[in-house]
Structures are given as structure tokens and as C-alpha cells.
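Each chain, letter by letter, is given below.
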Amino acid sequence: FAAVGGDPASHMALGYRHVHGTSVPKNCNAAVEYYTTPAEEVVRAVQSFRGAGAVEKHPLTPSVHKPAYTPEHDEDVVDYYQYSAARGEPSAQVALGQMYHHGARGIARDVGEAFKWYS
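Residues numbered from 1 in each chain as written. Predicted model: local features only at pLDDT ≥ 70, side-chain atom pairs only at ≥ 80, totals over all residues. Heavy atoms only, no water.

J.: Would you explain the overall build of the protein in this entry?
T.: Along its length, the protein carries five helices and zero strands. Along the protein, helices and strands appear, N-terminal first, in the series α-α-α-α-α. Per-residue burial over the protein gives 18% buried out of 119 residues. Summarising the internal contacts of the protein: among those between residues at least 6 apart in sequence, 21% fall at separations of at least 24. Surface exposure of the protein reaches about 9,100 Å², of which carbon and sulfur atoms provide 59%. (Helix = DSSP H or I, 4+ residues; strand = E, 2+ residues; numbered from the N terminus. Buried < 20%, exposed > 50% of the residue type's maximum accessible area, 1.4 Å probe, protein only. Contact = heavy atoms within 4.5 Å. Areas by Shrake-Rupley, 256 points an atom, 1.4 Å probe, with all protein chains shown as cover.)

Below you can see the structure in the form of C-alpha cells.
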């Protein structure tokens, strides 16, 4: 009854039950329906957050507000992190370390360089 009333945790629980077939027939379509409502609430909450901004590593929602991806954007991001990291900004050092660790944003994977920024 809680899910019918709109309780997000209940929607998640029912979605989980349908994905795994726990006390209900296994049904991925039903699971998606139950997961959609709380997911949309989270997206709205993140989009309305006015703080430091949120990062979507794998965008799951379409957005008309995002500009088209360009490689030049990666260069700008890397330049910003390199500048900030060199000035001692801890969050930029960690971000740069992650980029080197995973080989992201056009940077070749280099665990030695990643270690330098993690340290």
C-alpha cells in the first residue's frame, strides 16, 4: 500500500522484488515501472541542487540543457584541473588522479601520474 501512496522506498523494494522474482513473478518491465518514480525524484532533486553541482558519470536521463559534447570541452576540463591541482586544490588533485588512473577525458592511462596526484 505504501507504493500506491507514492513512498519511494516502497517503489524501490517492489522494483527489486520484480527484478529478482522475490515473492512475485520475475518481470523486468514491472521493475522498471517501480524504479522510474524514485529515479525521477532523484533527478529532480539533483537538478534543483544549487551547490557545487553534480557529476553524472553515465547520464541516464535525456537533458535538453546539456550542450553537445566536443573534444575541446575535455581539453578545457583537463586544463582547469591541472591548473587547480598545481595550486594545491585537493579536489582537483583527486579528480586529476582519477583521470590519469582511468584514462579519461583524452588523457592516456598512467597509474604513476595518478599516484602522484593521489599523494
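J.: Would you take a moment to explain the side chain of His18 for this structure?
T.: Checked against the element boundaries, His18 lands in helix 1 (residues 8-20). Non-local contacts of His18, meaning those with residues more than four positions away in its chain, are made with Val24, Pro25, Lys26, Asn27, Ala30, Ala31 and Tyr34.

J.: Help me understand the pattern of salt bridges, please; the structure alone is not making it clear to me.
T.: Pairing is possible between side chains that carry opposite charge, provided their charged atoms lie close to one another. As enumerated under the stated definition, the model contains one salt bridge in all. Put simply, Glu113 and Lys116 hold a salt bridge, and the shortest N to O gap is 3.4 Å. Note that Glu113 and Lys116 are positioned in helix 5 (residues 111-118) at a spacing of three residues, about one turn of the helix. (Salt bridge = Lys/Arg side-chain N within 4 Å of Asp/Glu carboxyl O.)

J.: Explanation requested: the environment of Val77 in the structure shown.
T.: As for its placement among the helices and strands, Val77 is situated in helix 3 (residues 71-86). Residues Val77 and Leu96, spaced 19 residues apart in sequence, show a C-alpha to C-alpha distance of 9.8 Å.

J.: Would you explain unusual backbone geometry in this entry?
T.: Residues apart from glycine generally show negative phi values, whereas peptide bonds are mostly found in trans. Although it is not a glycine, Ser23 adopts a positive phi angle of roughly 65°. Along the polypeptide, Ser23 turns up in the loop between helix 1 and helix 2 (28-48).

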